[in-house]
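Analysis of the macromolecular model
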Amino acid sequence: MAAKIVPVIMAGGKGTRLWPLSRASAPKQFIQFIGDSTLFQNTLKRVADPELYEAPIVLTNEEFRFLVAEQARELDLKLAAILLEPVARNTAAAVAAAAELVAELFDKDAIMHVLGSDYEIDAGKTYYDCVRLARDTALQGKLVTFGIKPTEPATGYGYIESGKALPSGAHAVKRFVEKPVLEKAEEMVASGHFYWNSGMFMFSAAQLLAEMKEFAPDVEKAASKAVSKSTRDLDFTRLDADHFSKSPNISIDYALMEKTANAAVVPSPFTWSDLGSWDAVWKVGKRDESGNVSTGAATLVNTKNSLVMSHSLHVAVQGLEDVAVIASEDAVYVGPLKDSQEVGKLVKLLASEKKTAKLTETHPTSYRPWGGYTSVLNGDRFQVKRIFVLPGKKLSLQKHHHRSEHWVVVKGTAEVTVGENVQMLRENESVYIPLGEVHRLANPGKILLELIEVQTGSYLGEDDIIRLVDEFGRS
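Starting afresh in each chain, residues are numbered from 1 along the sequence in its written order. Local features in this predicted model are restricted to residues of pLDDT 70 or higher, and side-chain atom pairs are both shown and tallied only at a pLDDT of 80 or more, whereas totals for entire chains, interfaces and linings draw on every residue. Values reported for side chains reflect all heavy atoms of the structure, with hydrogen atoms and water molecules removed beforehand.

1. What about the pattern of salt bridges?
- Note on definitions: salt bridges are taken to be side-chain nitrogens of Lys or Arg within 4 Å of carboxyl oxygens of Asp or Glu. Considering all chains together, one arrives at 18 salt bridges under this definition.
- With its nearest N and O atoms 2.4 Å apart, the salt bridge here joins R73 to E70. Here E70 and R73 lie together in helix 2 (residues 65-74), a separation of 3 residues that amounts to about one turn.
- Classification of R73 as partly exposed rests on a relative accessible area of 47%. The way it works is that DSSP assigns letters per residue, a run of H or I at least four long becomes a helix, a run of E at least two long becomes a strand, and they are numbered from the N terminus. Between buried and exposed lies partly exposed: a residue is buried under 20% and exposed over 50% of the maximum accessible area for its type, with that area taken using a 1.4 Å probe on protein chains only.

Written out as structure tokens, the structure is:
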């Protein structure tokens, strides 16, 4: 049987091009756009075949670690490791660190499949044929990239020019081309020798590290030291911050793929999108007879070729064409689909204003390892939240310096600790937490616990939490 592949999934990006659904604290890979799963979960499903793949390694950061763990748990999929980057150093350092961990957990000659967590891919027979071809090519000592067959002269992607055919059936890479202007893109697509650079790679851990030592020694050294000095925390592996931060901030394309003589490309005719704009989401969505893609609470009248998505409000769109209308819990974006690549500029404008900066950072609903909360109403010296706690989970034992809290259970059973007193609260029962009192909330039941929390006090920020005991390793 052919060697199994170790998936290495990159899940630490903080892109905001799909605002207002995607934000810095909840980027697109962890959000459901179309269908019942997030993009990250779809990526996990693509590497779930135990005959082809080993358990995956996921690279992410401190902020997203529990999102990664929880979304994998929802699918009942085991992860080999969750590798936490202490600082962002682009893909070269991340991949090098993953290669070091692959060599440690599996074998130095193990084949790695590096892939992003935010692609939309048609993972049928063609896709897996390309994966197997890439593996066979990597076993011959090549650093393999997947080149997507272009369907249009897109200017938002980098391109790869293919060279001579290799014995495996892949091709040598002739050169990489940065995101081109439209005229150049049209020429490249017409030639038939260029492919979109998918950002997916296949190579052995040993080959990757050997070539990193040659072409990017500072990256390899920093990654190696960061892994050797890493620490374990629950299910997480924390890279050493001092060593990892010494790596140059550079992509694997610049650091290695554009320099090595061993680069190969697998021409890949499967459907692929990096979902980098609302226009891209519309293209991969299921359209109705008027060319519209809609999800959530939406009514469309005399509207054509548009994308309408709502995660909260009921959105009614009438008499429009070629537009994106995206409603989150607290913001609505409306704009021409053709201009959706420009959303990043809009987000920068919002981030620069004190009144709107928060709209680019967080959602009203925030997720935690124990569940999460939704901000319902804010006022002067008070705040109302909906808190939901997963079965069997509990919050930290904590106290606050500046606020008191009232809890009313609306669903499930709560185990509440206030000082030395522990009590069980059921639906429609309540408790008061005085300012400064040590307290804890837990869900001992089998169903989701939901409660309404009313906070009052002089300061209601999330940083007014003094954790005394926390099973998730938070301070």
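Further notes follow.
2. Some thoughts on the packing of helix 1 (residues 39-46) against helix 2
- Helix 2 packs onto helix 1 with a crossing angle of 55° between their chain directions and a minimal axis gap of 10 Å. Considered as vectors, helix 1 and helix 2 are oriented oblique to each other. Regarding helix 1 and helix 2, the two cross each other, and that crossing is right-handed. Taken together, the residues of helix 2 that come into contact with helix 1 (itself represented by F40, Q41 and L44) are V68, Q71, A72 and E74.
- Looking at the contact of helix 1 with helix 2 residue by residue, the class counts come to 4 nonpolar, 2 polar and 1 charged. Angles shown run from 0 to 180 degrees and are taken between the N-to-C directions of axes, each axis being a line fitted to C-alpha atoms and, for helices, limited to the stretch in contact. Relative orientations are named as follows: roughly parallel for angles under 35 degrees, roughly antiparallel for angles over 145 degrees, roughly perpendicular for angles from 65 to 115 degrees, and oblique for any other angle. Throughout, a crossing is termed right-handed when the near helix is turned clockwise from the far one, and left-handed when it is turned anticlockwise from it by less than a right angle. Contacts between residues were defined by any pair of non-hydrogen atoms, one from each residue, lying within 4.5 Å. Note on residue classes: Ala, Val, Leu, Ile, Met, Phe, Trp, Tyr, Cys and Pro are nonpolar, Asp, Glu, Lys and Arg are charged, and everything else, Gly too, is polar.

3. A closer look at the packing of aromatic side chains
- Pairing of aromatic side chains requires ring centres within 6.5 Å, counting the rings of Phe and Tyr and the six-membered ring of Trp. Pairs whose planes differ by under 30 degrees are stacked, by over 60 edge-to-face, and all others tilted. Counting across every chain of the model gives 10 aromatic pairs.
- Plain terms: the ring middles of F30 and F64 are 5.5 Å apart, the flat faces sit at 65° to each other, and that makes the pair edge-to-face. Of the two residues, F30 is situated in the loop between strand 1 (5-10) and helix 1 and F64 in the loop between strand 2 (57-61) and helix 2; the sequence distance between them amounts to 34 residues. Note on accessibility: F30 and F64 belong to one class, buried.
- Measuring from centroid to centroid gives 5.5 Å for F66 and F236, while their planes differ by 90°, and the two rings are edge-to-face. With a gap of 170 residues between them, F66 in helix 2 and F236 in strand 11 (residues 236-238) connect regions that are remote in the sequence. Taken as a pair, F66 and F236 share a single burial class, namely buried.
- An aromatic cluster of three or more residues is present, and its members are Y119, Y157, W196 and W272.

4. Topic: the sheet that holds strand 21 (residues 371-379)
- When DSSP finds two or more bridges between two strands, those strands count as paired. Pairing is antiparallel in the open sheet, where 6 strands are placed in the order 20-21-22-29-24-27. Across the chains shown, the open sheet's two edge strands, defined by having one partner strand only, are strand 20 (365-368) and strand 27 (430-433). Across the sheet, the mean angle separating the axes of adjacent strands is 20° when strand polarity is ignored.

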